Amino acid sequence: MSYTIAVANQKGGVGKTTTAVNLAASLAATRRRVLLVDLDAQGNATMGVGVDKSTLKLTARDVLLEACTPDAAIQDLKALNLWLLPANGDMTEAEIKLRDQAAGDFALKAALAAVADRFDFVILDCPPALSKLTVNALVAADGVLIPMQCEYYALEGLSALVDTVAKIRRVINPKLEIEGLLRTMFDPRNNLANDVSAQLLLHFPDKVYQTVIPRNVRLAEAPSHGLPVMVYDPQSSGARAYLSLAGELLRRHDGGQLTLD
Ligand code: ADP
Ligand code: MG
């Protein structure tokens, strides 16, 4: 049984892509079979695992518009024990064309149905908008992981996202759940960050991951080397935090132990 997680937040720069890449790589390091799906025209998740977005022949755009099979576009990144459905600027075309299709909300779900059984986890990196592509991710997902920076406006954006999740659950995808809220780029010396974190724990006591992702320069450097942080610097606080997040997910979803190669 595969479990599909949409990493979503309509705010940009909150750590979605960093989380999608490093959670996928951490789960892969525990020998789970993981498919990382890049749904953002910026192609940051694609570049973050070392694939050049400018030379792609087939992308998630082609899969969503049924121009190719998922298998034709999925890349096997053997060195990372990870599979990638890549994306680049062509995704903007998919976004626009799916808006005109009657079944445009279901394109990703239909595509993943053909391959999901081969994976333990499918991780979807969403664009920074409540767009057609994000709706596709929420329709295809079992759970939504919401990365948040603990700052003043964080909670404001959260209610729009939670409303969207509730609506999609009601109308299209009854199994969809909020998998969890992830505090990212956390600086414990920042009073506001601690206040917002306390608010989150108060309002969503069962939904906030225990794991907190610290602000860590290694996490920001790793993508420029095309590497997940646990390969770039396995001893860094960022690498340890994402491994701990993977452990939390595994305890919830397959009762599994966090064994590394
Ligand atoms: P999003 O996908 O939500 O737009 P990103 O994951 O691309 O956000 O993160 C935005 C920027 O912040 C990137 O430059 C990324 O490298 C950096 N970043 C993300 N998480 C951290 C962190 N925990 N510590 C330091 N820098 C981070
Ligand atoms: Mg991103």
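On a predicted model such as this, the values are computed, not experimentally measured, just so you know. (Residues numbered from 1 in each chain as written. Chains lettered and ligands numbered in written order. Predicted model: local features only at pLDDT ≥ 70, side-chain atom pairs only at ≥ 80, totals over all residues. Heavy atoms only, no water.)

Participant: Sorry, what's going on with the overall build of the protein here?
Facilitator: Helix and strand counts for the protein stand at 12 helices and eight strands. Here the C-alpha atoms of the protein give a radius of gyration of 17 Å, agreeing with the 18 Å that 2.2 N^0.38 yields for 261 residues. Across its three principal axes, the protein shows a C-alpha extent of roughly 50 × 40 × 35 Å. Relative to its 261 residues, the protein shows a buried fraction of 55%. A separation of at least 24 residues holds for 77% of the contacts in the protein among residues at least 6 apart in sequence. Of the roughly 11600 Å² of accessible surface on the protein, a fraction of 52% belongs to carbon and sulfur atoms. For the protein, the separation between the mean place of its 26 positive charges and that of its 29 negative charges on side chains is 2 Å. (Helix = DSSP H or I, 4+ residues; strand = E, 2+ residues; numbered from the N terminus. Rg over C-alpha atoms; globule rule 2.2 N^0.38 Å. Buried < 20%, exposed > 50% of the residue type's maximum accessible area, 1.4 Å probe, protein only. Contact = heavy atoms within 4.5 Å. Areas by Shrake-Rupley, 256 points an atom, 1.4 Å probe, with all protein chains shown as cover. Lys, Arg positive; Asp, Glu negative; His and termini not counted. Charge placed at Lys NZ, Arg CZ, Asp CG, Glu CD.)

Participant: Explain helix H7 (residues 132–140) here, please?
Facilitator: Three- or four-residue spacings in an α-helix give side chains the same orientation, since the helix completes a turn every 3.6 residues. Buried residues dominate H7, accounting for eight of its nine residues. For H7, every residue scored as buried is listed here: Leu133, Thr134, Val135, Asn136, Ala137, Leu138, Val139 and Ala140.

Participant: Explanation requested: the side chain of Glu179 in the structure shown.
Facilitator: By secondary structure assignment, the location of Glu179 is in strand E7 (residues 177–186). With relative accessibility at 2%, the residue Glu179 sits in the buried group. Within the local environment of Glu179, its side chain forms a polar contact with the side chain of Tyr3, the two groups lying 3.1 Å apart. With residues up to four places along the chain from it excluded, the contact list for Glu179 reads Tyr3, Gly143, Val144, Leu145, Tyr209, Leu249, Arg252 and His253. (Polar contact = N/O pair within 3.5 Å; in protein donor to acceptor, adjacent residues only side chain to side chain.)

Participant: Is there a simple way to explain the UniProt feature "domain: AAA" (unreviewed entry) in the protein in this structure?
Facilitator: Per the UniProt annotation, the sites labelled "domain: AAA" (unreviewed entry) are residues 4–178. Taken as a whole, residues 4–178 contains 41% helix and 17% strand, while its terminal C-alpha atoms sit 12 Å from one another. (UniProt positions renumbered as here; feature names shortened; annotations may be inferred.)

Participant: For this particular structure, what's the right way to read the site of ligand 1?
Facilitator: Close contacts around ligand 1 come from 14 residues, with Gly13, Lys16, Thr17, Thr18 and Pro214 the closest. Contact distances for ligand 1 include 2.7 Å between an oxygen atom and a backbone N or O atom of Gly13. Backbone polar atom of Asn216 to a nitrogen atom of ligand 1: 2.9 Å apart, as the coordinates give it. It is helix H1 (residues 16–29) that provides the largest number of residues to the shell around ligand 1, a total of three residues. Among the residues making up the shell around ligand 1, the classes are represented as six nonpolar, six polar and two charged. (Near = heavy atom within 4 Å. Nonpolar A, V, L, I, M, F, W, Y, C, P; charged D, E, K, R; others polar.)

Participant: Sorry, what's going on with the packing of H7 against helix H8 (residues 154–171) here?
Facilitator: Geometry of a packed helix pair, given as the angle between the helix axes and the separation of the axes. Look at H7 against H8: their axes get within 10 Å of each other, and the N-to-C directions meet at 55°. Taken together, H7 and H8 sit at an angle that is classed as oblique. The handedness of the crossing between H7 and H8 is right-handed. Mapping the contact onto sequence places Val135, Leu138 and Val139 in H7 and Thr164, Val165 and Ile168 in H8. (Axes fitted to C-alpha atoms, helices over the stretch in contact; angles between N-to-C directions. Parallel < 35°, antiparallel > 145°, perpendicular 65-115°, else oblique. Left-handed = near helix turned anticlockwise from the far one by under 90°.)

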